[in-house]
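# Analysis of the macromolecular model
Chain by chain, the residues run as shown.
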Amino acid sequence: MKYEPILSQAIRVDLESGFPEAIDRLAEQVGREQAFLRAAWYRAGADNDGKTLIARRRDGAVVAAIPHTRIGPQVVGAKGVPGSYWPFRAPLIGDGVTSEDLVALLADPVATDALAPMWRIGPIPTDHPSTRVLREAAAQAGWTVLERDLGTTWRFDLAAAARDNGGSWPRKSSRKRLNGYLRRLADTGTVHWRAVSGADWTPEVLDQLGRVEADSWVGRKTDGSGAKFLDPHQRARWQAVLADPVLAEALSATLLLHADRPVAFSFDLRAGTTQFAIAGSYAEDMAEYRVGKIVTYRQLEGALAAGVELVDLGSGDSGYKREMGAGPGPALIDLLIVRQREAALVLKQKWGQEPPELRRLTLASPYRSDLPLPSLRHLAAAAAMAGTAVAITE
């Protein structure tokens, strides 16, 4: 069946090469929790040339941006929203944007041509400001939305922990144990700290982070794919992010050095009163001194003094997170948004199911595209991409 819907005239959609400055202008207008979603954040996460869909109102004001890049086998033609780390691989949606605006964006021929046959958003937490409205708008615009669960994030209410402890953190007993570990470490060599943010970032700092990872279990006992700074390519990506002064200020590293050797670090992102723990590592041969725990608690103590109230620790490895007082947070989900419904029915066997409430919206959409069934070659490649995609737990 062919539909001829009337799209809203309030939104104009343009497809621009790369990751334009318009992304930064929009990031400066949204809440502080999303202000790090800047052009450099997306650009560094794209391994090839990217493009960005920009939605503007009649007065030229940018209200939404969907940066995207090619992912998976080239024959599939799939796109994905890039990002330097999981918070967040998602589009940037301006404050005050309505569901109708997003439906108009995602149903616009410029957008459907750019994002078809399928595009990926994620990992993204379910409580991200745009998660629910994006899912629903995509379905209302005629896309089939497939969803898979990647686990649960862990969050630590640092402000509440401090209130429960008379305004400070950690507890005296924890501080006493940490000081004991630090004294034992100092008995074997000079200990000093390095706190890095803003203009203090240098290639040397990234090299030091990479050295810690090389000496960690990730560097010694895995293929290194879970590291952030281990090889030059990984460090170059973060160097590109840090070239943006706003992101350089939002990102910080806390380094512990022993006899001038970096032995542990914490790498974090601050967004308003929320902090995201991006990475932490320690030298495996220094484990008996609990250097990883020393750095984590030192960083959190400084974050509390700087006004951080909530710490998002990501998913996985819940033991040490429970120990410090963290609890389960929102789920992390991965979305595959497919233009051709028959293809989506094949892909869902490998990727994830279509939520019933979104299925109803898609089937009722006047923008639904009833295209011919893709070739078996395309479907096989798409299924292979979905089947081999690793569930990202960052």
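Cut-offs used in this document
Residues numbered from 1 in each chain as written. Predicted model: local features only at pLDDT ≥ 70, side-chain atom pairs only at ≥ 80, totals over all residues. Heavy atoms only, no water. Helix = DSSP H or I, 4+ residues; strand = E, 2+ residues; numbered from the N terminus. Buried < 20%, exposed > 50% of the residue type's maximum accessible area, 1.4 Å probe, protein only. Contact = heavy atoms within 4.5 Å. Areas by Shrake-Rupley, 256 points an atom, 1.4 Å probe, with all protein chains shown as cover. Lys, Arg positive; Asp, Glu negative; His and termini not counted. Charge placed at Lys NZ, Arg CZ, Asp CG, Glu CD. Pairing = 2+ DSSP bridges. Expected span 1.5 Å × (residues − 1). Phe/Tyr/Trp six-rings, centres within 6.5 Å; stacked < 30°, edge-to-face > 60°. Arc of directions from axis to C-beta. Polar contact = N/O pair within 3.5 Å; in protein donor to acceptor, adjacent residues only side chain to side chain. Axes fitted to C-alpha atoms, helices over the stretch in contact; angles between N-to-C directions. Parallel < 35°, antiparallel > 145°, perpendicular 65-115°, else oblique. Left-handed = near helix turned anticlockwise from the far one by under 90°. Nonpolar A, V, L, I, M, F, W, Y, C, P; charged D, E, K, R; others polar.

Along the protein chain, the regular secondary structure elements total 16 helices and 13 strands. For the protein chain, the C-alpha atoms occupy an extent of roughly 75 × 45 × 35 Å along the three principal directions. Residue burial in the protein chain is summarised as follows: out of 394 residues, 53% are buried. A separation of at least 24 residues holds for 76% of the contacts in the protein chain among residues at least 6 apart in sequence. Element-wise, carbon and sulfur atoms account for 51% of the exposed surface of the protein chain, whose accessible area totals about 17500 Å². Taken as two groups, the 48 positive and 47 negative side-chain charges of the protein chain have centres that lie 4 Å from each other.

Attention now moves to the environment of V205. Its place among the elements puts V205 in helix α8 (residues 203–215). For V205, a relative accessible area of 0% puts it in the buried group. With 148 residues separating them in the primary sequence, V205 and R57 have C-alpha atoms 43 Å apart. Excluding residues that lie within four positions of it along the chain, V205 makes contacts with R194, V196, D200 and L255.

The next subject is the pairing of strand β2 (residues 50–57). Within a regular strand, side chains alternate between the sheet's two faces. When you tally the buried positions in β2, you get six out of eight residues, the bulk of the element. Where strand β1 (residues 11–17) and β2 come together, seven bridges link them in antiparallel fashion. Note on β2: the bridge partner recorded for V13 is A55. Two strands pair when backbone bridges link them, and β2 and strand β3 (residues 62–70) are joined in this way by seven bridges, in the antiparallel orientation. Considered in β3, the bridge of L53 is made with I66. Hairpin connection between β2 and β3: a loop of four residues separates the two successive antiparallel strands, and G60 in this loop has a positive phi of roughly 90 degrees.

Turning our eyes to something else, we now look at helix α12 (residues 291–305). Here α12 spans 21 Å end to end across 15 residues, near enough to the 21 Å set by a 1.5 Å rise per residue. Among the residues of α12, V291, G292, K293, I294, V295, Y297, Q299, L300 and A303 are the ones counted as buried. G307 sits one or two positions beyond α12 and adopts a positive phi of about 100 degrees.

Let's shift gears to the packing of aromatic side chains. Under the defined criterion, the tally for this structure stands at 11 aromatic pairs. Taking the centre distance of 6.2 Å and the plane angle of 40 degrees together, the rings of F229 and W238 count as tilted. Given the relative accessible area of 0%, F229 is considered buried. Each ring, one from F229 and one from F267, has its centre 5.0 Å from the other, and the planes form 90 degrees; the classification is edge-to-face.

The subject of this paragraph is helix α10 (residues 232–242). Of the positions making up α10, those classed as buried are Q234, R235, W238, V241 and L242. Along the axis of α10, the buried residues cluster in a sector spanning 110 degrees; they form a single face. Looking at the buried side of α10, the elements it contacts are α2 (39–44), α8, α11 (245–250), β9 (251–258), β10 (261–271) and β11 (274–282). With a side-chain oxygen positioned 2.9 Å from the backbone nitrogen of H233, the residue opening α10 is D231.

Put simply, helix α3 (residues 99–107) and helix α5 (residues 131–140) touch, their axes get as near as 8 Å, and they point 50 degrees apart. Taken together, α3 and α5 sit at an angle that is classed as oblique. Judged by the sense of rotation from one axis to the other, the crossing of α3 with α5 is right-handed. Across from S99, L102, V103 and L106 in α3, the residues of α5 making contact are V133, L134, A137, A138 and Q140. Residue composition of the contact of α3 with α5, by class: seven nonpolar, two polar and no charged.

Omega for the bond connecting A116 with P117 falls within 30 degrees of zero, at 10 degrees, which places this linkage in the cis form. Tracing the backbone through its elements, the reader meets P117 in the loop between α4 (109–115) and β6 (118–125). Omega for the peptide link from G122 to P123 comes to 0 degrees, which places this bond in the cis form. In this fold, P123 is placed in strand β6. One non-glycine residue, D260, lies in the positive phi region at around 70 degrees. The topology assignment puts D260 in the loop between β9 and β10. Looking at D260, the relative accessible area reads 60%, which means it is exposed.

On to the side chain of T153. Mapped onto the elements, T153 comes out in strand β7 (residues 144–157). What makes T153 buried here is its relative accessible area of 0%. At a separation of 2.9 Å, a polar atom in the side chain of T153 contacts the main-chain carbonyl oxygen of P330. Ignoring sequence-local partners within four residues, the contact set of T153 consists of W86, D312, G314, S315, G327, P328, G329, P330 and L332.

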